[in-house]
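# Notes for the structure review
Next come the chains, spelled out residue by residue.
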Amino acid sequence: MAQTYIAFLRAINVGGRTVKMERLRELFAELGLERVRSYIQSGNVFFDTEESDLAALTGRIERQLEAALGYPVPTMVRTVEEVEELVAAEPFAAVEVTPEVRLCVVFLSEPLPEGLEFPVRSAKGDWEILGATPGAAFVVMHLRGGRLGSNPATALPKSYAGQGTSRFFHTTAKIVAAAGKP
């Protein structure tokens, strides 16, 4: 039976690398993935497949995108259920949200290094990692002068050898809601 997955893509429509969502959906469909849909322009693709080997699936997607687009596109693939559980866990429930605070989920290609003691804070105080699961880190960004100081994925420790791509928490909730629609 086919499973619905969400691919969170890094480096899509940032830094001068523009990809139309129609083209992105075509690239996924060329892999034999079914019911391919996308959500907003930041690299969120939903699809169905009977393939259950996530590492192999992720590798196929990354190779396809790099061959077609000419640059690596780190890809984090999750089931709809995994993302629903992440949102339902309310990882930011204790955070006081103000106009200067942004709540971000960094989807990880592999777990963070063992031994991190949370929260992990930047020296400048512009972000803090509140906690993590094997597949995601929960980052609070503090605006400085009305602007984000850096990409939330840069909050990952230097010892982290994997990849990450970030989404605002409220956007993550919208993505999973859209992915679950028939």
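Let me begin by describing the structure that accompanies this report. These numbers come from a predicted model, not from an experiment. Per chain, residue numbering runs from 1 following the sequence as it is written. Where totals are concerned, whole chains, interfaces and linings use all residues; where local detail is concerned, this predicted model gives features only for residues with pLDDT of at least 70, and gives and counts side-chain atom pairs only at 80 or more. By convention in this description, side-chain values take in all heavy atoms of the structure and omit both hydrogens and water.

When a residue's accessible area, from a 1.4 Å probe over protein chains only, is under 20% of the maximum for its type it is buried; when over 50% it is exposed; and in between it is partly exposed. Labels follow the DSSP assignment, with helices taken as runs of H or I lasting at least four residues and strands as runs of E lasting at least two, numbered in each case from the N terminus. Every buried residue of helix α3 (residues 80–88) is accounted for by Val-80, Val-83, Leu-86 and Val-87. Each buried residue of α3 sits inside an arc of 125 degrees when the element is viewed along its axis, so together they form one side. Turned more than 90 degrees away from the buried face of α3, the exposed residues are Glu-85 and Ala-88. What makes two residues a contact is simply this: any of their non-hydrogen atoms within 4.5 Å. Check the buried side of α3 and you find it contacts β1 (3–9), β4 (75–79), β5 (101–108), β8 (136–142) and α4 (169–179). A positive phi of about 45 degrees marks Glu-90, the residue just after α3. What the arc describes is the spread of directions from the helix axis to the C-beta atoms.

Turning to the pairing of strand β3 (residues 44–49), a few remarks are in order. Among the six residues that make up β3, six are buried, leaving the element largely enclosed by the rest of the structure. With burial as the criterion, each face of β3 is covered, one bearing Asn-44, Phe-46 and Asp-48 and the other bearing Val-45, Phe-47 and Thr-49. Paired strands are those between which DSSP finds at least two bridges. Judged from the six bridges that link them, β1 and β3 form a sheet pairing that is antiparallel. By the bridge assignment, Tyr-5 is partnered in β3 with Phe-47. As judged from the four bridges shared by strand β2 (residues 34–39) and β3, these two strands associate in the antiparallel manner. Counterpart to Tyr-39 in the pairing with β3 is Asn-44. From the end of β2 to the start of β3, which pair antiparallel, there are four residues, and Ile-40 there has a positive phi angle of about 45 degrees.

Right, let's talk about the packing of α3 against α4 for a bit. Two quantities define a packed helix pair, namely the angle between the helix axes and the distance between the axes. To define axes, lines are fitted to C-alpha atoms, for helices over the stretch in contact only, and angles between the resulting N-to-C directions are given on a 0 to 180 degree scale. Close contact between α3 and α4 brings their axes to 10 Å; oriented N to C, the two are set at 140 degrees. Like other packed secondary-structure pairs, α3 and α4 cross with a definite hand, here left-handed. Every residue of α4 that contacts α3 at Val-80, Val-83, Glu-84, Leu-86 and Val-87 is listed here: Phe-169, Thr-172, Ala-173, Val-176 and Ala-179. Residues are grouped as follows: Ala, Val, Leu, Ile, Met, Phe, Trp, Tyr, Cys and Pro are nonpolar; Asp, Glu, Lys and Arg are charged; every other residue, Gly included, is polar. A breakdown of the residues in the contact of α3 with α4 according to their chemical character gives eight nonpolar, one polar and one charged. Helix crossings get a hand from a simple test, with the near helix turned counterclockwise from the far one by less than a right angle marking a left-handed crossing and a clockwise turn marking a right-handed one.

Read across the sheet, four strands follow the order β2-β3-β1-β4 without closing on themselves; strand pairing throughout is antiparallel. Among the strands making up the open sheet, the edge pair consists of β2 and β4. The average angle at which neighbouring strand axes cross in this sheet is 25 degrees, direction not considered. The sheet contact formed by β1 and β4 spans five bridges and is antiparallel. Bridging across to β4, Tyr-5 finds its partner in Thr-79. Running at roughly 140 degrees to β4, helix α2 (residues 54–69) makes contact with β1, β3 and β4 of the sheet. Along the sheet, α4 makes contact with β1, β2 and β3, crossing β1 at roughly 145 degrees.

It is the contact of helix α1 (residues 21–29) with α2, at a shortest axis distance of 10 Å, that shows an interaxial angle of 130 degrees. With respect to α2, the element α1 is oriented oblique. Crossing geometry of α1 relative to α2 is assigned as right-handed. Where α1 abuts α2, its residues Arg-23, Leu-24, Leu-27 and Phe-28 lie against Ile-61, Gln-64, Leu-65, Ala-68 and Leu-69. Among the residues forming the contact of α1 with α2, the class breakdown is seven nonpolar, one polar and one charged. Our angle categories are set so that under 35 degrees counts as roughly parallel, over 145 as roughly antiparallel, 65 to 115 as roughly perpendicular, and the remainder as oblique.

Without other data, these values stay purely geometric and don't point to any function.
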